[in-house]
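In case you want the letters, here they are:
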Amino acid sequence: MASEQMAEPGDGVESTAGQAPVPRPLSRPMDAVDRGILRVLQTDGRASVRSVAERVHVSRANAYARINRLVEDGVIRGFGARVDHERAGQGTSAYITLRIVQNSWRTVRERLRQLPGASHIALVGGDFDVLLLVHTPDNRALRELVLTRIQSIPEVLGSRTLLVFEEEDLESGD
């Protein structure tokens, strides 16, 4: 591999193997049209460029160029399906808070990314260090995930599981 990103995503710094970190350019300023495009795509990620253009009142060429720029700048990180976890056989959801060894975030994050059903991972400040959202088929699978997989990570000092009774994705536009 000729080049490897060494810095954290979103920290504004990129590095290649064996070289000093180089500041990553910040994304360009967004205007009302850009924000409108984001709203349309968050509501319907399958919207055609023509439909997006009509809804934000710009030409197709302008909408196409702006969408590409938003992708290139990293504002749009990708396109995907919003999943109803219960209908997909993942009817149990939980937030798991973790206390971890100081300076072990990158190691712990890599281990958590590999967990089945891990949906969102955040490094946070407060009484705990990491907030993890998981979706599992049932409580038995959740128990196995927490007691066997998560608590076996050496850098995890403690955890607390918060069972989700009902959830709503606010970004989806539903």
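Read on for an overview of the structure. (Residues numbered from 1 in each chain as written. Predicted model: local features only at pLDDT ≥ 70, side-chain atom pairs only at ≥ 80, totals over all residues. Heavy atoms only, no water.)

1. A word on unusual backbone geometry
A positive phi angle is found at His57, which is not glycine, with a value near 65°. Mapped onto the elements, His57 comes out in the loop between helix H2 (49-56) and helix H3 (60-72). Its identity is not glycine, yet Asn103 carries a phi of approximately 65°, on the positive side. With respect to the secondary-structure elements, Asn103 resides in the loop between strand E3 (92-100) and helix H4 (105-113). Taking the relative accessible area as the measure of exposure, Asn103 reaches 78% and is therefore exposed. (Helix = DSSP H or I, 4+ residues; strand = E, 2+ residues; numbered from the N terminus. Buried < 20%, exposed > 50% of the residue type's maximum accessible area, 1.4 Å probe, protein only.)

2. Observations concerning a negative patch on the surface
On the surface, a cluster of negative charge is made up of Glu166, Glu167, Glu168 and Asp169. Within the secondary structure, Asp169 sits in the segment after strand E6 (156-164). Judged by relative accessible area, which is 44%, Asp169 ranks as partly exposed. (Patch = residues over 30% accessible without salt bridge, like charges linked within 9 Å, V, L, I, M, F, W, Y side chains within 5 Å. Areas by Shrake-Rupley, 256 points an atom, 1.4 Å probe, with all protein chains shown as cover. Salt bridge = Lys/Arg side-chain N within 4 Å of Asp/Glu carboxyl O. Lys, Arg positive; Asp, Glu negative; His and termini not counted. Charge placed at Lys NZ, Arg CZ, Asp CG, Glu CD.)

3. What about the sheet that holds strand E5 (residues 130-136)?
Strand order in the open sheet made by the 4 strands is E4-E5-E3-E6, with antiparallel pairing throughout. Edge positions in the sheet fall to strand E4 (118-123) and E6, since each of these pairs with one other strand and no more. If you compare each strand with its neighbour and ignore which way they point, the axes differ by 20° on average. With 8 bridges joining them, E3 and E6 adopt antiparallel strand pairing. (Pairing = 2+ DSSP bridges. Axes fitted to C-alpha atoms, helices over the stretch in contact; angles between N-to-C directions.)

4. A short note on H4
Those residues of H4 not exposed but buried are Trp105, Val108, Arg109 and Leu112. All buried residues of H4 fall inside an arc of 100° around its axis, so they share one side. Taken together, the buried residues of H4 touch E3, E4, E5 and helix H5 (139-150). (Arc of directions from axis to C-beta. Contact = heavy atoms within 4.5 Å.)

5. Examining the pairing of E4
Strand direction decides the pairing type here: E4 and E5, joined by 5 bridges, are antiparallel. When the bridges of E5 are listed, Leu123 appears paired with Val130. Counting the residues that bridge the hairpin from E4 to E5 gives 6 residues, and of these Gly126 lies at a positive phi of roughly 130°.

6. A word on the packing of H2 against H3
Orientation of H2 relative to H3, taken along the N-to-C sense of each, is 105°, at an axis distance of 8 Å. Regarding the angle of H2 to H3, the classification is roughly perpendicular. The residues of H3 that touch H2, namely those facing Val49, Arg50, Val52 and Ala53, are Arg60, Ala63, Tyr64 and Ile67. Among the residues making up the contact of H2 with H3, the classes are represented as 6 nonpolar, no polar and 2 charged. (Parallel < 35°, antiparallel > 145°, perpendicular 65-115°, else oblique. Nonpolar A, V, L, I, M, F, W, Y, C, P; charged D, E, K, R; others polar.)

7. Quick word on the nonpolar core
Counting 17 residues, the largest nonpolar core has Ile96, Leu98, Ile100, Leu112, Leu132, Val134 and Ile150 as its most contacted members. Among the secondary structure elements, those contributing two or more residues to this core are E3, H4, E5 and H5. With residues near it in sequence (within four places) discarded, Ile100 still touches Trp105, Val108, Asp129, Val130, Glu155, Val156 and Leu157. Counting residues in each nonpolar core, the second largest holds 13 residues, with Val40, Val56, Val58 and Ile67 among its members. (Core = buried A, V, L, I, M, F, W, Y, C linked by side-chain atoms within 4.5 Å.)

8. So, the pattern of salt bridges
Counting across every chain of the model gives 9 salt bridges. Its salt-bridge partner being Arg66, residue Asp34 comes within 2.9 Å of it at the nearest N-O pair. You can see Asp34 sitting in helix H1 (residues 32-43) and its partner Arg66 sitting in helix H3, a full 32 residues away along the chain. Assessed through its relative accessible area of 1%, Asp34 is described here as buried. Residue class for Arg66 comes out buried when judged on its relative accessible area of 15%. Here Asp84 makes a salt bridge to Arg87, at a shortest N to O gap of 3.8 Å. Overall, Arg87 belongs to the exposed group, its relative accessible area being 78%. Here the salt bridges do not stand alone but share partners, grouping Arg28, Asp31, Asp34, Arg66, Arg69 and Asp73 into one network.

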